[in-house]
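Spelled out, the chains give:
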Amino acid sequence: MNLFDVYPLFDLEPVRAEGCYVYDQNDRKFLDFYGGHAVISIGHSHPHYVRRLQEQVAKIGFYSNSVQNPLQVALSQKLGELSGCDDYQLFLCNSGAEANENALKVASFATDRKRIVVFEKAFHGRTSAAVNITDNDKIKAPINTTFPVTFLPLNDTAAVERELKKEDVAAVVVEGIQGIAGIYVPSPAFLEGVAALCKKHGACLIMDEIQSGFGRSGNFFAFQRANIQPDLITVAKGMGNGFPVGGVLIHPRFEASYGLLGTTFGGNHLACVATLAVLEVMEQEGLQENARKVGAYLKAQLEQLPGIKEVRGEGLMLGLQLAEPAGPLRKQLLFEHGVFTGSAAQADTIRLLPPLNIGKGEVDVLMEKLRLILV
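Residues numbered from 1 in each chain as written. Predicted model: local features only at pLDDT ≥ 70, side-chain atom pairs only at ≥ 80, totals over all residues. Heavy atoms only, no water.

> Can you walk me through the overall build of the protein chain in this structure?
The secondary structure content of the protein chain amounts to 11 helices and 14 strands. For the protein chain, the C-alpha radius of gyration of 20 Å lies close to 21 Å, the compact-globule estimate for 375 residues. Along the first, second and third principal axes, the C-alpha atoms of the protein chain reach 55 × 50 × 45 Å. Considering the protein chain as a whole, with its 375 residues, one finds that 55% of them fall into the buried category. Considering only residue pairs separated by 6 or more positions, the protein chain has 73% of its internal contacts joining residues 24 or more positions apart. As displayed, the protein chain has an accessible area near 17000 Å², and 52% of this comes from carbon and sulfur atoms. Separation between the mean location of the 35 positive side-chain charges and that of the 41 negative ones in the protein chain comes to 2 Å. (Helix = DSSP H or I, 4+ residues; strand = E, 2+ residues; numbered from the N terminus. Rg over C-alpha atoms; globule rule 2.2 N^0.38 Å. Buried < 20%, exposed > 50% of the residue type's maximum accessible area, 1.4 Å probe, protein only. Contact = heavy atoms within 4.5 Å. Areas by Shrake-Rupley, 256 points an atom, 1.4 Å probe, with all protein chains shown as cover. Lys, Arg positive; Asp, Glu negative; His and termini not counted. Charge placed at Lys NZ, Arg CZ, Asp CG, Glu CD.)

> Can you help me understand the side chain of Thr-111 in this one?
Among the structural elements, Thr-111 can be located in helix 4 (residues 96-111). Overall, Thr-111 belongs to the buried group, its relative accessible area being 16%. Only 2.8 Å separates the side chain of Thr-111 from the backbone oxygen of Ala-107, close enough to count as a polar contact. (Polar contact = N/O pair within 3.5 Å; in protein donor to acceptor, adjacent residues only side chain to side chain.)

> When you look at unusual backbone geometry in this model, what are you seeing that I'm missing?
Keep in mind that most residues, glycine aside, have a negative phi and that most peptide bonds are trans. For Glu-167, which is not glycine, the phi dihedral falls at a positive 60°. Note on placement: Glu-167 falls in the loop between helix 6 (157-164) and strand 7 (169-175). Non-glycine residue Ile-183 carries a positive phi angle of around 70°. With respect to the secondary-structure elements, Ile-183 resides in the loop between strand 7 and helix 7 (188-201). A relative accessible area of 0% means that Ile-183 is categorised as buried.

> Would you mind showing me how to read the sheet that holds strand 2 (residues 21-24) here?
Paired through their backbone hydrogen bonds, the strands of a sheet run either parallel or antiparallel. Read from one edge to the other, the open sheet built from 4 strands follows the order 1-2-3-13, with strand pairing classed as mixed. Edge positions in the sheet fall to strand 1 (14-18) and strand 13 (339-340), since each of these pairs with one other strand and no more. Inspection of the sheet shows strand 1 paired to strand 2 by 4 bridges, in the antiparallel sense. Residue pairing for strand 2: Glu-18 is matched across the bridge by Tyr-21. The sheet contacts of helix 11 (residues 360-374) involve strand 2, strand 3 (29-32) and strand 13, and relative to strand 3 the element is tilted by about 105°. (Pairing = 2+ DSSP bridges. Axes fitted to C-alpha atoms, helices over the stretch in contact; angles between N-to-C directions.)

> I would appreciate a short explanation of the packing of helix 3 (residues 70-83) against helix 8 (residues 269-285) in the present structure.
In a pair of packed helices, the angle between the axes and the distance between the axes together describe the arrangement. Remark: helix 3 packs on helix 8, axes separated minimally by 9 Å, with the N-to-C direction vectors making an angle of 30°. When the axes of helix 3 and helix 8 are compared, the pair comes out roughly parallel. Judged by the twist between their axes, the crossing of helix 3 over helix 8 is left-handed. Residues Leu-71, Gln-72, Ala-74, Leu-75, Lys-78, Leu-79, Glu-81 and Leu-82 of helix 3 form the contact with helix 8, whose participating residues are His-269, Cys-272, Val-273, Thr-275, Leu-276, Leu-279 and Glu-283. Residue composition of the contact of helix 3 with helix 8, by class: 9 nonpolar, 3 polar and 3 charged. (Parallel < 35°, antiparallel > 145°, perpendicular 65-115°, else oblique. Left-handed = near helix turned anticlockwise from the far one by under 90°. Nonpolar A, V, L, I, M, F, W, Y, C, P; charged D, E, K, R; others polar.)

> I tried to follow the packing of helix 10 (residues 327-337) against helix 11 on my own but got confused; where do I start?
The geometry of helix 10 relative to helix 11 is characterised by a closest axis approach of 11 Å and an angle of 120° between their N-to-C directions. When the axis of helix 10 is compared with that of helix 11, the two are oblique. As helix 10 runs across helix 11, the sense of the crossing is right-handed. Residues Leu-329, Gln-332, Leu-333 and His-337 of helix 10 form the contact with helix 11, whose own contacting residues are Lys-369, Leu-370, Leu-372, Ile-373 and Leu-374. For the contact of helix 10 with helix 11, the class distribution of residues is 6 nonpolar, 2 polar and 1 charged.

Structure, rendered in structure tokens:
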């Protein structure tokens, strides 16, 4: 049997990783400024994370959601404490796309509506409903486009108001920071305006914090730059530091009922311990504050480089827009200088999404490599 060939692959095989570095099969060292799509939050192979998972798998790794699992309760309490969303309810699943699927379902149940308002360049996942609210027709099969979706310009409050006045919108979905698009930040005023409009017109506000959450922006959630309380918040990626975990934070105004949502693997013992370990390390090592400080330092350094049109983003979620296509520069950084970076839908943009424990020393290494190429 062959693999279904849907991924273009670099000729590189990582075999181990530690902290902010990845090592290939030839023991070559790579500085990780991408974190495997913003997944690595507390660093590769963090000893506390490894120990917690090893201890748990030696006890029990999985049983279904038909039994008591105190780890789920401990996780919900810790997540509420560190995020400031302690009055929300938590539904655990396995991925960001699944989190968005369930958030859309809750919103549609609550409003008895189907239409979704999202924003140009948005990416919310590849599963059936999530891909329909993603702004990329190339990855949508006919079966995916079974409910109406309206795409609007980001930060255009008037456009949102025009649509919500029609009183048929189930939810407005906004990324805390647009990631795959090339790192675009919704303004606090826009988020506050959208939240008020949703409340006025009976729509739900879903904040997609799958890439921008868990401290990456310098806040626990990127939307916390604004004074809003979303109806639903979706999380994944950095949540498990590589273990498949996702979740939906659900406002207390929504009432749960048996069978409303469900999942086989979501909230399993290992997933809970992985996420608890992430939260424990974030708290103990001050990684949210580190993301804020080192991110500001990185952004200031990038803005001084020649050939840079714009640097966008917050914390350790930055987009570097070049004056030319970014692909050649990314390959040069990877294969000649040993630095991982990320691509974006915008071909002239590089995404920088390093582990949250990255330091100024690693930033200086990246800058040295970039100067060798750009100057």
